[in-house]
Every structure is written in C-alpha cells, then in structure tokens.
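Observations on the three-dimensional arrangement
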Amino acid sequence: MPLDVNGPNGAVLREVHADDARLLDAACGLFTSIFPEDVRHVSYLRACAMGRHPSHPRMVDHVWLVEQAGEWVGLRIFSSIITRGFGYGAYVGFLPKVRGQGLGSWLVEMVHEQLETDARALGKPGSIGYLGEAERPIDCTTDEERRKAEQRLQFHRRAGAIILPVPFTESVMIEGVNYLSPEAVQDESPRSMYLLFNPSKRGREIPNLDLVNFVLGIYLDVYLLPRQHEYVRHSLSYLLGD
C-alpha cells in the first residue's frame, strides 16, 4: 500500500516499519496510551513492525498509525495469514477525542484493501476478511469493565463484524515467541472471548463460512498451538460433534 493514505477529516495513514525509529517509538507510545492494560505486549507491536518476524512464521504483519492535525490519534495492528485466505486483526484503537468521525470504518476498508493485496502477492485469489477477538461483557466483573467491553463490541459490529458461533479461548501469548517470556504474562489467565469475523466484499458473497478453517487459522497459525491443544479440541468438538 502507499505509505500515506488520506482519510476523513484530514487523517493520514502511516505504515510503521521496524527500521523507522521515530514512527516505531510513536506507535509504542500510542499503544501504551490506548491500551494501558496491555503494556507488556508492546514487544508484540515491535515484532509486527518487522513485517515478517521469525516468531510469526505464518503471518505477514502490519502496524499502522493514523495522524490528524499533526498528532498521532489511532493505531492498527493486523496480519495476513499466509496459509489461509483471511487475516487477523490484533489491535485497533483511537484517542477518545477523535472517535465518532468515521475513522474506524475508513480503517476497516483500508485493512481489507491491504489483505487483498497481500493475498494476491501470496498467490491466492483474494482475501475473504479477517478474524478478531472481543471481550464478552457478561464476563466482566465491574460496571466500568462491562461498559468498555460493550463499547468495543459495538465498534466491531458497526464496522461489519459478526460473532462466530463457536467457543473460543484466548491464549495469553503466541507459543514459542522470542520477544516475550512466559514470566512476563504470568499474572494473565486465558479468557473466553467472542471470535469475530469481518468479511470483505468477497467474504460477504460466501453462502456458508468455514468455521473449522477459522478455528484452525487462529489457533494453529496465529497462536501456533498444536492441533491437539485443549482449546483447539474444544472448539472443533463443538463444531464437528466429536
């Protein structure tokens, strides 16, 4: 994609590369501001800025910044799964003062365009969309957590995402990565989450989505879990009745 893409209200999209210290530092700072509860996962952002990180062997990663009026106001981290015809959206967020301007919907379309470009470069016919995860409001323990979870879910739904009818447990980290130790996330626990799918135009034309392919894509190719892992077996058992 072009390095600079113009969006609503003067917004400009910038792609972040690992060798651009200025943009990488800006992305890390904005990540910490928008996602303070995930500050230990800044190393994931830095890894994704490499595009092809050895700890993500089945992914082509992207980190984007959104600039408006000379200020960094939005962040998107996502990947194309090279073994599938769809991608994975890890993080998306904006500063509160720019929400409601249509930047989120614009960013969704830009992600679809990038995934389509990636798919064709990988010799595939195109991208059918991307997977994402969202907290389940019913699992929240405080009113504030529930309010935030509901807002995030509403954002994804407005952007065209659907909740897939499959049980999904979020792993606390990608297996075997060399940039984050298990000790760094020892206070985190696996969580039941909604597994979301945001279809592209191509994906919306598919009459029956392959849920098994989605489960295998996110668990085996994103989180690098073995096929016999309990999370994988649980989701597949639900879908296949095994």
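Look above for the structure.
Residues numbered from 1 in each chain as written. Predicted model: local features only at pLDDT ≥ 70, side-chain atom pairs only at ≥ 80, totals over all residues. Heavy atoms only, no water.

**Concerning the pattern of salt bridges**
As a working rule, side chains carrying opposite charge can pair if their charged atoms are close by. Here is the rule: Criterion for a salt bridge: a side-chain nitrogen of Lys or Arg within 4 Å of a carboxyl oxygen of Asp or Glu. To qualify as a helix, a DSSP run of H or I must reach at least 4 residues; to qualify as a strand, a run of E must reach at least 2; elements of each kind are numbered from the N terminus. Exposure categories follow from relative accessible area, calculated using a 1.4 Å probe and restricted to protein chains: below 20% of the type maximum is buried, above 50% is exposed, and the middle band is partly exposed.
Inspection of every chain in the model, using the stated rule, returns 15 salt bridges. Here Arg-46 and Asp-25 are joined by a salt bridge, their closest N and O atoms 3.7 Å apart. Taken together, the residues span a long stretch of sequence, with Arg-46 in helix α2 (residues 42-48) and Asp-25 in helix α1 (residues 21-34) at a distance of 21 residues. The partly exposed category is assigned to Asp-25, whose relative accessible area is 47%. Between Glu-71 and Lys-97 there is a salt bridge, with the nearest N and O atoms lying 2.7 Å from each other. A residue pair is termed long-range when its members are at least 10 positions apart, and Glu-71 in strand β4 (residues 71-81) and Lys-97 in the loop between β5 (87-94) and α3 (103-121) qualify at 26 residues.

**Things to note about the packing of helix α6 (residues 211-222) against helix α7 (residues 230-240)**
To be explicit about the condition: Whenever a helix is involved, its axis is fitted only over the stretch in contact; in every case the axis is a line through C-alpha atoms, and angles between N-to-C directions fall within 0 to 180 degrees. We call two directions roughly parallel when the angle between them is under 35 degrees, roughly antiparallel when it is over 145, roughly perpendicular when it lies between 65 and 115, and oblique otherwise. Residues count as neighbours in contact if any of their non-hydrogen atoms are within 4.5 Å of one another. Throughout, the ten residues Ala, Val, Leu, Ile, Met, Phe, Trp, Tyr, Cys and Pro are labelled nonpolar, Asp, Glu, Lys and Arg are labelled charged, and all others, Gly among them, are labelled polar.
Direction vectors running N to C along α6 and α7 enclose 175°, while the axes themselves pass 10 Å from each other. Considering the angle they form, α6 stands roughly antiparallel to α7. Contact residues: α6 offers Leu-211, Val-212, Val-215, Leu-216, Tyr-219 and Leu-220, while α7 offers Tyr-231, Val-232, Ser-235, Leu-236, Leu-239 and Leu-240. Here the residues of the contact of α6 with α7 are counted per class, giving 11 nonpolar, 1 polar and no charged.

**Here we look at the nonpolar core**
Worth spelling out the cut-off: Side-chain atoms within 4.5 Å link the members of a nonpolar core, which is a set of buried Ala, Val, Leu, Ile, Met, Phe, Trp, Tyr and Cys residues.
Leu-45, Val-63, Leu-65, Leu-75, Ile-77, Ile-218 and Tyr-219 are the most contacted members of the largest nonpolar core, which has 74 residues in total. Leaving out residues up to four positions away in the same chain, Tyr-219 has contacts with Phe-168, Thr-169, Leu-224, Leu-225, Tyr-231, Val-232 and Ser-235.

**Structural notes on the packing of aromatic side chains**
Where two aromatic rings form a pair, the distance of their centres and the angle of their planes describe that pair. Operational definition: Working definition: a ring pair exists when centres of Phe, Tyr or Trp rings (six-membered ring for Trp) sit within 6.5 Å. Plane angles under 30 degrees give stacked, over 60 give edge-to-face, the rest tilted.
Per the counting criterion, the structure on display carries 9 aromatic pairs. Centroid distance Phe-31 to Phe-35: 5.3 Å. Interplanar angle 50°. Geometry classified as tilted. The pair formed by Phe-31 and Phe-35 is uniform in burial state, with each residue classed as buried. When the centroid spacing of 6.4 Å and the interplanar angle of 55° are considered together, the rings of Tyr-44 and Tyr-91 count as tilted.

**Description of the pairing of strand β3 (residues 59-68)**
For clarity, the cut-off: In short, DSSP must find at least two bridges between two strands for them to pair.
Most of β3 is tucked away: 10 of the 10 residues are buried. The alternating pattern of β3 places Met-59, Asp-61, Val-63, Leu-65 and Glu-67 and Val-60, His-62, Trp-64, Val-66 and Gln-68 on opposite faces, both of which are buried. Bridge count between strand β2 (residues 12-15) and β3: 4 bridges; the pairing is antiparallel. Within β3, the position partnered with Val-12 by the bridge is Glu-67.

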